[in-house]
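# Close look at the chain arrangement
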Amino acid sequence: MLLAIRLASIGDDMTEFLETAEGTLAYQVTGDGPLVVCSPGMGDLRSTFDNITPALVEAGYRVAAMDIRGLGESSAGWRRYGDSATATDILALAKHLSDRPAILFGNSCSAGAAVIAARQDPAAVAALVLTGPFALTRSISLVDKATAAVFGIPGIGRMGWLAYWPKFFGTKPADFEARRLELKRNLAESGRFAAVHAIFYEDHSEADDALVGVHHPALIVMGDADPDFADPVDQAKRIAARHPGPNQVVIVPGAGHYPHSERVDLVAPAVVEFLNSLDRTPCPE
């Protein structure tokens with residue numbers, strides 16, 4: 001149940017807040033037109049969409065970039081985290097902002113969450129844009145479990161994440177240093193890194209299961225230097241093959257896990273072309 005909305009002006013940036021029964025979501029809306037809800041991945045902030053937002057707005061879209069629960073300006077201390085929880089929040093924001101189907105633009109874990117959202121409420125979704133997507137089940141190895149345990153040590157995990165985060169980029173965007181400092185400040189706040197650590201254990205099986213039931217058009221964007229996947233190109237092709245709806249795959253040379261931010265010169269035109277090609281008829285239940 002949605003409880004209330006409040007606004008806060010932070011410098012020149014107008015942040016809006018949507019209060020739900022579980023916590024408060026922060027988001028920023030830019031432009032007018034069909035709604036695009038943008039959601040970042042684990043341990044990242046909504047500023048990951050800053051570079052691509054102007055192109056979407058110029059093309060006639062209304063862009064709502066949200067902070068996932070626990071991070072950015074969203075509240076800390078949520079009862080649950082992960083793909084399913086993020087899907088709930090994406091749908092809540094989309095329905096709050098528009099009574100028409102929204103385009104869901106998710107990166108990393110939020111790409112999987114967007115898939116889940118589309119499966120849960122097909123009529124609320126027009127299409128999917130998935131960058132660096134975790135939408136297939138991944139095995140949790142002993143090394144993964146050991147890493148998650150170390151990252152759970154107060155202070156150690158936060159420092160480790162901040163040290164490793166730059167390695168996710170194949171091509172660092174112009175605003176990389178500003179974003180790194182923003183993330184460092186945010187994760188220093190109480191309860192922030194707990195939200196990151198909670199998602200370490202996600203195997204994305206729910207997104208994988210949902211994918212075969214999603215018939216919305218999808219654009220799958222993968223950097224060919226994405227270090228999260230042993231073979232990023234193969235990962236993108238496997239997602240496309242498992243998705244029964246119409247889809248396109250865009251491989252971005254030199255990009256890592258954030259192609260929409262790293263190579264906006266290549267990704268923005270592809271996203272705009274995809275969105276402009278959509279049939280606006282809602283997807284059937």
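Higher on the page you've got the structure.
Residues numbered from 1 in each chain as written. Predicted model: local features only at pLDDT ≥ 70, side-chain atom pairs only at ≥ 80, totals over all residues. Heavy atoms only, no water.

Take the nonpolar core next. In terms of nonpolar packing, the biggest core is built from 62 residues, with Val37, Leu104, Leu128 and Trp161 touching the most fellow members. Element by element, the count of residues in this core is highest for helix 3 (residues 109-120), at eight residues. Setting aside anything within four residues of it in sequence, one finds Leu128 in contact with Leu104, Ala114, Val115, Ala118, Val214, Pro217, Ala218, Leu219 and Phe274. (Core = buried A, V, L, I, M, F, W, Y, C linked by side-chain atoms within 4.5 Å. Buried < 20%, exposed > 50% of the residue type's maximum accessible area, 1.4 Å probe, protein only. Helix = DSSP H or I, 4+ residues; strand = E, 2+ residues; numbered from the N terminus. Contact = heavy atoms within 4.5 Å.)

Our next topic: the packing of helix 5 (residues 156-164) against helix 6 (residues 176-187). The contact between helix 5 and helix 6 brings their axes to 11 Å, and the two run at 170 degrees. As the angle between them shows, helix 5 and helix 6 are arranged roughly antiparallel. Contacts from Arg158, Trp161 and Leu162 in helix 5 reach Leu183, Lys184 and Leu187 in helix 6. (Axes fitted to C-alpha atoms, helices over the stretch in contact; angles between N-to-C directions. Parallel < 35°, antiparallel > 145°, perpendicular 65-115°, else oblique.)

Further remarks concern unusual backbone geometry. With a phi close to 60 degrees, Ser108 is a non-glycine residue in the positive phi region. Looking at the secondary structure, you find Ser108 in the loop between strand 6 (102-107) and helix 3.

The next subject is the packing of aromatic side chains. Geometry of an aromatic ring pair is reported as the spacing of the ring centres plus the angle between the planes. Throughout the structure, instances matching the rule amount to eleven aromatic pairs. On the basis of an interplanar angle of 45 degrees and a centroid distance of 5.5 Å, the ring pair of Trp161 and Phe168 is categorised as tilted. The exposure class of Phe168 is buried, given its relative accessible area of 6%. Where Trp161 meets Phe200, the ring centres are 6.3 Å apart and the plane angle is 80 degrees; that geometry is what we call edge-to-face. Residue Trp161 is located in helix 5, and its partner Phe200 is located in the loop between helix 7 (192-199) and helix 8 (205-211); the two are separated by 39 residues in the primary sequence. Both residues of the pair, Trp161 and Phe200, count as buried. Here the aromatic cluster, defined as three or more aromatic residues joined through ring pairs, consists of Trp161, Tyr164, Trp165, Phe168, Phe169, Phe176, Phe200 and Tyr258. When the ring centre of Phe176 is taken as origin, the NZ or CZ atom of Lys172, which lies over that ring, is 5.3 Å away. (Phe/Tyr/Trp six-rings, centres within 6.5 Å; stacked < 30°, edge-to-face > 60°. Lys NZ or Arg CZ within 6 Å of the ring centre and 35° of its normal.)

Everything listed here is a matter of coordinates, which is why it stays silent on function.
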